[in-house]
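Survey of secondary and tertiary structure
Chain by chain, the residues:
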Amino acid sequence: MSRHMKIAAAQLGPIHLADSREAVVKRLIALMREAQSQGARFIVFPELALTTFFPRWWMKDQSEVDRRFFEASMPSPVTQPLFDESKRLGVGFYIGYGELTEEAGRMRRFNTAILVGPDGNVVGKYRKVHLPGHADHKPQAAFQHLEKKYFEVGDIGFKVWRFMDAITGMLICNDRRWPEAFRMLALQGAEIVALGFNTPTENLHYPEPPALRVHHHLIMAQSMAFQNATWLVETAKCGVEDGFRMFGHSVIVAPTGEIAAKTTTEDDEVICFNADIDLAQNLKQTMFNFAAHRRPEHYKLIIERIGAEVTPANG
Ligand code: CDV
């Protein structure tokens, strides 16, 4: 009999600057209950799911940024009720947050996600590797994307966990644009990849139709799931946050590259799908049997070179 697990994307509508952590945790618990009532055992929440998407603002007072947008512990007294509810309901979850940590006498900040087991305990942690945007103030821009200012590049790499009878890996938002990130998880046998995102409807760098941005999001999700033979749950925080719109289109994608479920709103919304985990295994033994078909001896440039350089074979 094949392994099945009902997985859910618990999409969040906007979290405004004025919204308290307590109010957000209440919304997360309501979404968790709704997903569990539909039979979900693993629930994926968005990136930075406890606050507004704060990298859109240039802020100088770091201690205020730390207090308002970062978590010094997870769980904390404010977030503990979410962990208690996961234990009570027996559901696992993924959630993204701003992590503040003191290491070797230095304060460090990461865009982080954790995997929490159905006993309410943290099983694994991932710190976002691909940080988009810029570190400098761009006063002429309609909004900022200051992930390079507020976070360090994640320092714990790409890992998977044997989690609730499926091999599960985590990524965060912009990682979904980089095939290397998925391949790192797939090379460790990932059967489910969980990913939260906050994607502005407007392109900061050049004018782009919003529909094209959604198109890119969907084709990336479908191709990454198929080419790596994994289930993929991508969950948005979306809607108009303090006047800035982000798109929804949270998806659950099958290892065949088919969209199994997709949200239709830009608000709090749950989607679920009963995932056949062995579908991923079957593809890993056939079309995407890495051991049989990959040729890493021809992929050396991928780790040796960062930016593209023109190197014509004929000089
Ligand atoms: N939070 C993100 O990483 N957002 C990026 C935007 C800036 C393009 C994304 O890849 O969706």
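Residues numbered from 1 in each chain as written. Predicted model: local features only at pLDDT ≥ 70, side-chain atom pairs only at ≥ 80, totals over all residues. Heavy atoms only, no water.

1. Structural notes on the overall build of the protein
Put simply, the rule reads: Going along the chain from the N terminus, every DSSP run of H or I of four or more residues is numbered as a helix, and every run of E of two or more is numbered as a strand. Only C-alpha atoms enter the radius of gyration, while the globule expectation follows 2.2 Å times N to the 0.38, with N the number of residues. What sets the accessible areas is the Shrake-Rupley method with a 1.4 Å probe; for residues, cover comes only from the shown protein chains.
Counting secondary structure elements, the protein contains 9 helices and 14 strands. Compactness check: the protein gives a C-alpha radius of gyration of 19 Å against a globular reference of 20 Å for 315 residues, within 12% of the reference. In terms of its C-alpha atoms, the protein occupies a principal-axis envelope of roughly 55 × 55 × 45 Å. When the accessible surface of the protein is split by element, carbon and sulfur atoms take 55% of a total near 14200 Å².

2. Re the sheet that holds strand β4 (residues 106–116)
Rules: Strands are treated as partners if at least two bridges between them are detected by DSSP. Inter-axis angles, ranging from 0 to 180 degrees, are taken between N-to-C directions of lines fitted to C-alpha atoms, where helices are fitted over the stretch in contact. Here, residues are in contact when the closest pair of their heavy atoms is within 4.5 Å.
What the 6 strands build is an open sheet, ordered β5-β4-β3-β2-β1-β14; its pairing is mixed. The strands lining the two open edges of the sheet, one partner per strand, are β5 (122–127) and β14 (269–276). Each neighbouring strand pair of the sheet contributes to a mean axis angle of 35 degrees, computed without reference to strand direction. Lying over the sheet, helix α1 (residues 21–37) contacts β1 (4–11), β2 (42–44), β3 (92–103) and β14, oriented at roughly 40 degrees with respect to β14. Set on the sheet, helix α3 (residues 80–89) makes contact with β3, β4 and β5; between it and β3 the angle comes to about 145 degrees.

3. Some details on the packing of α1 against α3
Test applied: Just so you know how the angles are binned, under 35 degrees is roughly parallel, over 145 roughly antiparallel, 65 to 115 roughly perpendicular, and the rest oblique. Crossings are sorted by hand: turned counterclockwise from the far helix by less than a right angle, the near helix makes the crossing left-handed, and turned clockwise it makes it right-handed. Lys, Arg, Asp and Glu make up the charged group, whereas Ala, Val, Leu, Ile, Met, Phe, Trp, Tyr, Cys and Pro make up the nonpolar group; the residues left over, Gly among them, are polar.
Relative orientation of the contacting elements α1 and α3 amounts to 15 degrees, with a least axis distance of 9 Å. Comparing their axes, α3 and α1 come out roughly parallel. For the pair α1 and α3, the sense of crossing is right-handed. Between α1 and α3, the contacting residues are Val25, Leu28, Ile29, Met32, Arg33 and Gln36 on the first element and Pro81, Leu82, Glu85, Ser86, Arg88 and Leu89 on the second. Partitioning the contact of α1 with α3 into residue classes produces 7 nonpolar, 2 polar and 3 charged.

4. Here's the deal with unusual backbone geometry
Note the threshold: Here's how the labels work: a residue is buried when its accessible area is under 20% of the maximum for its type, exposed when over 50%, partly exposed in between, all with a 1.4 Å probe on protein chains only.
The residue after Met74, namely Pro75, is reached through a cis peptide bond having omega 0 degrees. You can see Pro75 is positioned in the loop between α2 (62–69) and α3. Phi at Asp165 takes a positive value of approximately 70 degrees, unusual for a residue other than glycine. Among the residues examined, Asp165 registers a relative accessible area of 53% and is labelled exposed.

5. A word on the environment of Gly124
If you trace the backbone, Gly124 turns up in strand β5. Residues Gly124 and His293, spaced 169 residues apart in sequence, show a C-alpha to C-alpha distance of 30 Å.

6. Notes on the site of the ligand
What counts here: Here a residue is considered near a molecule or strand provided that any single heavy atom belonging to it is located within 4 Å of it. Whenever two N or O atoms come within 3.5 Å, that pair is a polar contact, provided that in protein one can donate a hydrogen and the other can accept it, and provided that, for residues adjacent in sequence, both atoms are side-chain atoms.
Near the ligand, the surroundings consist of Glu47, Phe53, Lys128, Pro132, His145, Glu147, Cys173, Asn174, Arg176, Arg177, Asn198 and Thr199. Contacts to the ligand include Glu47, whose side-chain N or O atom sits 3.0 Å from a nitrogen atom. Side-chain polar atom of Arg176 to an oxygen atom of the ligand: 3.1 Å apart, as the coordinates give it. In the complex, the protein chains occlude 90% of the 310 Å² of accessible area that the ligand would expose alone.

7. Looking at the state of the cysteines
What counts here: Counting rule for disulfides: a pair of cysteine sulfur atoms within 2.5 Å.
All told, the structure shown has 0 disulfides when counted by the stated rule. The structure places no disulfide on Cys272, whose sulfur is separated from the nearest cysteine sulfur, that of Cys238, by 16 Å.

Function-wise, these values are silent; they only describe arrangement.
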